[in-house]
Amino acid sequence: MRLRNVPGAREEIAASKYVVLDDAETKGKWNEIFGNTHPIQIEIGMGKGTFIMEMAQRHPEINFVGIEKYSSVLVRALEKLEAINNEKEEKGESTINNLLLFRMDAENIENYFAKDEVSDIFLNFSDPWPKDRHAKRRLTSDRFLARYINLMKKTGTITFKTDNTDLFNFSVETANEEGWTFLKKTDDLHHSEYNEGNIMTEYEKKFSEMGNKIHMMQIIQ
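The structure displayed is predicted, hence computed values, not measured ones.

Colleague: Is there a simple way to explain a negative patch on the surface in this structure?
Modeller: There is a patch of like negative charges on the surface, built from Asp142, Glu173, Glu177 and Glu178. Topologically, Asp142 is positioned in helix 5 (residues 142–149).

And the structure:
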């Protein structure tokens, strides 16, 4: 969900060392940007960043890129990341240095990542675009799955979570039609064998507390 305009958000984002802007030349250069050869995992539509920040802390051996279209949303994630790192510095702990936030529209993702540059993709509680005429905008549509193939390693996976049953069914059907293999699939993640180690997003916590079941699938080419 898009937040209201946040005054000064664009300026704050542009000045931050944690943010890559959509005018940056990044394609094929992500390992150079991070300064190492670690695998790169991305979350498209990171919201306030709870999921990807926790992933980055759990997996220092992986580089993470959190992608968000709206400055008004990204700035909230940026503030959270800065607060976490400030607290870590005060405690003398290692900061999160394997995560960058990226402001860009997912429709243009092929302009910013090269073939085989991405190891894994996370899609968490994406906009369902419920009207049929908007189906192509869903991040699990055939158009987007084709885009992801052009970024990912052959061993790469896409993990998708949602509480929206219609969107999940659409996503499962589309993945089947496009020839993807299912590694995991459940209509009730929190009561399944796949819940161990699961990191909840802001929306996931909210929806599960409302009694909504969380659907999840993980697919590979």
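Now, onward.
Colleague: Can you help me understand the sheet that holds strand 6 (residues 152–162) in this one?
Modeller: Two modes of strand pairing occur in sheets, parallel and antiparallel, and in both the strands are linked by backbone hydrogen bonds. Pairing in this open sheet of eight strands is mixed, and the strands run 1-4-3-2-5-6-8-7 from one edge to the other. The sheet is open, and its two edges are formed by strand 1 (19–20) and strand 7 (181–186), each paired on a single side. For strand 3 (residues 63–68) and strand 4 (residues 99–103), the ladder comprises five bridges, and the chain directions are parallel. Residue pairing for strand 4: Glu68 is matched across the bridge by Arg103. Helix 3 (residues 50–58) contacts strand 2 (40–44), strand 3, strand 4 and strand 5 (118–124) of the sheet and is inclined by roughly 175° relative to strand 3. Here helix 5 sits on the sheet and contacts strand 2, strand 5, strand 6 and strand 8 (215–220); the angle it forms with strand 6, its principal contact strand, is near 145°.

Colleague: Any chance you could explain helix 5 here in plain terms?
Modeller: Phe144, Leu145, Arg147 and Tyr148 are the residues of helix 5 that are buried. Across the axial projection of helix 5, the buried residues extend over an arc of 155°, all falling on one side. Here the buried face of helix 5 lies against strand 2, strand 5, strand 6, helix 6 (165–177) and strand 8.

Colleague: Can you walk me through a positive patch on the surface in this structure?
Modeller: A grouping of Lys131, Arg133, Lys136, Arg137 and Arg143 is seen on the molecular surface, where their side chains present a positively charged patch. Along the chain, the position of Lys136 falls in the loop between strand 5 and helix 5.

Colleague: Help me out: how do you make sense of the nonpolar core in this one?
Modeller: A general feature of soluble globular proteins is that nonpolar side chains tend to end up buried together. Judged by nonpolar contacts, the single largest core of 33 residues is most densely connected at Ile42, Ile44, Phe113 and Tyr148. The biggest single contributor to this core is helix 6, with four residues. In contact with Phe113, not counting residues within four places along its chain, are Lys27, Trp30, Ile42, Val65, Ile67, Phe102, Val118 and Leu151. Among the nonpolar cores identified, the runner-up in size contains 23 residues, and Tyr18, Met53, Val75 and Leu99 belong to it.

The rules behind these values
Residues numbered from 1 in each chain as written. Predicted model: local features only at pLDDT ≥ 70, side-chain atom pairs only at ≥ 80, totals over all residues. Heavy atoms only, no water. Patch = residues over 30% accessible without salt bridge, like charges linked within 9 Å, V, L, I, M, F, W, Y side chains within 5 Å. Areas by Shrake-Rupley, 256 points an atom, 1.4 Å probe, with all protein chains shown as cover. Salt bridge = Lys/Arg side-chain N within 4 Å of Asp/Glu carboxyl O. Lys, Arg positive; Asp, Glu negative; His and termini not counted. Charge placed at Lys NZ, Arg CZ, Asp CG, Glu CD. Helix = DSSP H or I, 4+ residues; strand = E, 2+ residues; numbered from the N terminus. Pairing = 2+ DSSP bridges. Contact = heavy atoms within 4.5 Å. Axes fitted to C-alpha atoms, helices over the stretch in contact; angles between N-to-C directions. Buried < 20%, exposed > 50% of the residue type's maximum accessible area, 1.4 Å probe, protein only. Arc of directions from axis to C-beta. Core = buried A, V, L, I, M, F, W, Y, C linked by side-chain atoms within 4.5 Å.

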